[in-house]
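Commentary on secondary and tertiary structure
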Amino acid sequence: MPFFATLFSGRTFRCRAVVIAAALLVVTSSCGPATPVTPPADPAPTLRTSTSPRHAGATPSARVVGASEASGGAERGTSSRWVSGSAEIQDFGDDAGKMVDLDVPGFGPAVVAVPVGGAAPAPVVVAAHANWDRPGWSCAWWRASFPRALILCPRGVLRPEAQSPEDPRFTYRDDEVLEREVDAGLAALRARWGLRVARGAMTWVSLSRGSYLGGFIAGRRPTDFPRLILVEGGQDPWTLAHAKAFAVGGGQNVLFVCGQAACRTESRLAASRLRHVGADARVVFVPGMGHGLNADARPIVAQQLAWLRHGSEVPEPHE
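None of the values given here were measured: they were computed from a predicted structure.

Criteria and thresholds
Residues numbered from 1 in each chain as written. Predicted model: local features only at pLDDT ≥ 70, side-chain atom pairs only at ≥ 80, totals over all residues. Heavy atoms only, no water. Helix = DSSP H or I, 4+ residues; strand = E, 2+ residues; numbered from the N terminus. Buried < 20%, exposed > 50% of the residue type's maximum accessible area, 1.4 Å probe, protein only. Contact = heavy atoms within 4.5 Å. Pairing = 2+ DSSP bridges. Axes fitted to C-alpha atoms, helices over the stretch in contact; angles between N-to-C directions. Parallel < 35°, antiparallel > 145°, perpendicular 65-115°, else oblique. Left-handed = near helix turned anticlockwise from the far one by under 90°. Nonpolar A, V, L, I, M, F, W, Y, C, P; charged D, E, K, R; others polar. Phe/Tyr/Trp six-rings, centres within 6.5 Å; stacked < 30°, edge-to-face > 60°. Lys NZ or Arg CZ within 6 Å of the ring centre and 35° of its normal. Disulfide = S-S within 2.5 Å. Core = buried A, V, L, I, M, F, W, Y, C linked by side-chain atoms within 4.5 Å.

Glancing now at the overall build of the protein. Regarding its fold elements, the protein presents eleven helices and twelve strands. Taken over 319 residues, the protein has a buried fraction of 45%. Taking all contacts inside the protein whose residues are at least 6 apart in sequence as the whole, residues at least 24 apart take part in 69%.

Spatially, the eight strands line up as an open sheet ordered E3-E4-E6-E5-E9-E10-E11-E12, and their pairing is mixed. Only two strands of the sheet have a single partner each, and these edge strands are strand E3 (99-102) and strand E12 (280-285). With strand direction ignored, the average angle separating the axes of adjacent strands in the sheet is 20°. Across three bridges, strand E4 (residues 110-113) lies against strand E6 (residues 150-153) in antiparallel orientation. Following the sheet pairing, Val-112 is matched in E6 by Leu-152. Together, E3, E4, strand E5 (124-128), E6 and strand E9 (203-207) form the strand contacts of helix H6 (residues 175-193), whose direction differs from that of E3 by roughly 110°. Packed onto the sheet, helix H9 (residues 261-276) meets strand E11 (253-258) and E12 and runs at close to 165° relative to E12.

In E4, alternate side chains face the same way, and those of Ala-110 and Val-112 on one face and Val-111 and Ala-113 on the other are all buried. As defined by bridge partners, E3 adjoins E4 across four bridges and the pair is classed as antiparallel. Note on E4: the bridge partner recorded for Asp-101 is Val-111.

Right, let's get into the packing of H6 against helix H7 (residues 209-220). Contact geometry for H6 and H7: axes closest at 9 Å, N-to-C directions at 70°. The angle between the axes of H6 and H7 places the two elements in the roughly perpendicular class. As H6 runs across H7, the sense of the crossing is right-handed. Contacts between H6 and H7 involve Asp-175, Glu-176, Leu-178 and Glu-179 on the former and, on the latter, Leu-213, Phe-216, Ile-217 and Arg-220. Within the contact of H6 with H7, the residues separate by chemical class into four nonpolar, no polar and four charged.

Going through the model one piece at a time under the given rule, you end up with six aromatic pairs. Arranged with centres 5.2 Å apart and planes meeting at 70°, the rings of Trp-238 and Phe-246 form a pair that is edge-to-face. Among the aromatic side chains, those forming a connected cluster through ring pairs are Trp-141, Trp-142 and Phe-146. When the ring centre of Phe-170 is taken as reference, the NZ or CZ atom of Arg-155 above it lies at 5.1 Å.

Right, let's get into the state of the cysteines. Counted by the stated rule, this structure contains two disulfides. Across the disulfide, Cys-139 is cross-linked to Cys-153 (sulfur-sulfur distance 2.0 Å). A torsion of 110° about the S-S bond marks the disulfide between Cys-139 and Cys-153 as right-handed. Of this pair, Cys-139 sits in helix H5 (residues 135-142) while Cys-153 is found in strand E6, placing the two residues 14 residues apart along the sequence. Taking relative accessible area as the criterion, Cys-139 reaches 0% and is therefore assigned buried. With relative accessibility at 0%, the residue Cys-153 sits in the buried group. If you count the bonded cysteines of the protein from the N-terminus, they pair up as 1-2, 3-4.

Where H7 contacts helix H8 (residues 240-248), the axes come no closer than 7 Å and their chain directions differ by 50°. When the axes of H7 and H8 are compared, the pair comes out oblique. Between H7, through Gly-215, Phe-216, Ala-218, Gly-219 and Arg-220, and H8, the contact on the second element is made entirely by His-242, Ala-245 and Phe-246. Residues of the contact of H7 with H8, tallied by class, amount to four nonpolar, three polar and one charged.

Moving on: the side chain of Asp-175. Along the chain, Asp-175 falls in helix H6. With sequence-adjacent residues up to four places away left out, Asp-175 is seen in contact with Leu-213, Phe-216, Ile-217 and Arg-220.

Further remarks concern the nonpolar core. By size, the foremost hydrophobic cluster in this structure holds 43 residues, and its most contacted members are Val-112, Leu-150, Leu-189, Trp-193, Trp-204, Phe-256 and Leu-274. No other element matches the seven residues that H6 contributes to this core. Among residues more than four places away in sequence, those in contact with Leu-189 are Leu-102, Val-112, Val-124, Leu-150, Gly-194 and Val-197. One finds Trp-141, Phe-146, Val-205 and Leu-293 within the second-largest nonpolar core, a separate group that totals 27 residues.

Take the environment of Arg-155 next. Looking at where Arg-155 falls in the secondary structure, it is placed in the loop between E6 and strand E7 (157-158). Given the relative accessible area of 17%, Arg-155 is considered buried. Sequence-wise, Arg-155 and Gly-108 are 47 residues apart; in three dimensions their C-alpha atoms are separated by 6.0 Å. Aside from chain neighbours lying at most four places away, what touches Arg-155 is Asp-101, Gly-108, Pro-109, Val-111, His-129, Pro-135, Phe-170, Thr-171, Tyr-172 and Glu-181.

Written as structure tokens, this is what we have:
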């Protein structure tokens, strides 16, 4: 009998069909696509912000936004854990979503804006305030721009003219003292929150005197502060030599934010020097802002954050 006739005849065909079907079932079960595992979503934090009363005419508020309010009603006092490599990391617990005081050895206490949390160590932003200002005001303004960052706001020293304990005002002596205060604050930050604090490059944001001094610090430490937002100040440090040291050392992007014509003119010159030596820089103008930070600056700064962080192709604003 021919081969195919034998293969497909009677009982022999039925038995072999069962064997072939079973084999196909095994192959299909072994090689089929696995069911995808979707990691739990990290809810985006909702943080309350306030504008500095120095610039908006509001009354200073010492109210701290609690974790339950900041997260839309989540239970306070809880903490979650996750594993990063071989190290277990704990989230910010009761500190999440708040602005808290941080003891800094050798200096006044810093204010820290704490994020709600996330599945990766929080990046660090250093926010330096203006002369005759307060660290809490600085933290309150910047936390909306960097909701997932730990924002360290160094206090500086008390102005001798600020005699009222109900209305203390602070300044920074010089760039070297501020640099030491920032380093001490970063050490305290890591001592308190450990592996929740990201290592590596940070972002410097500042207003007026904080910008002036921050330009000098970043030029000396471009690997620590490769990205800066300098509001109403910070143009003077950028000589060609200083700009070159910043660029060659790894400095990347500098955003100048101005509310006065003189700031805009001087910042354009500083930005051209930075671009000339290989860094990138932009100048944005906020009409009516003057020498300060107000709500009008927030959307203008927000439009440039992708460029600041990643060098993305965000159009430069036309004034």
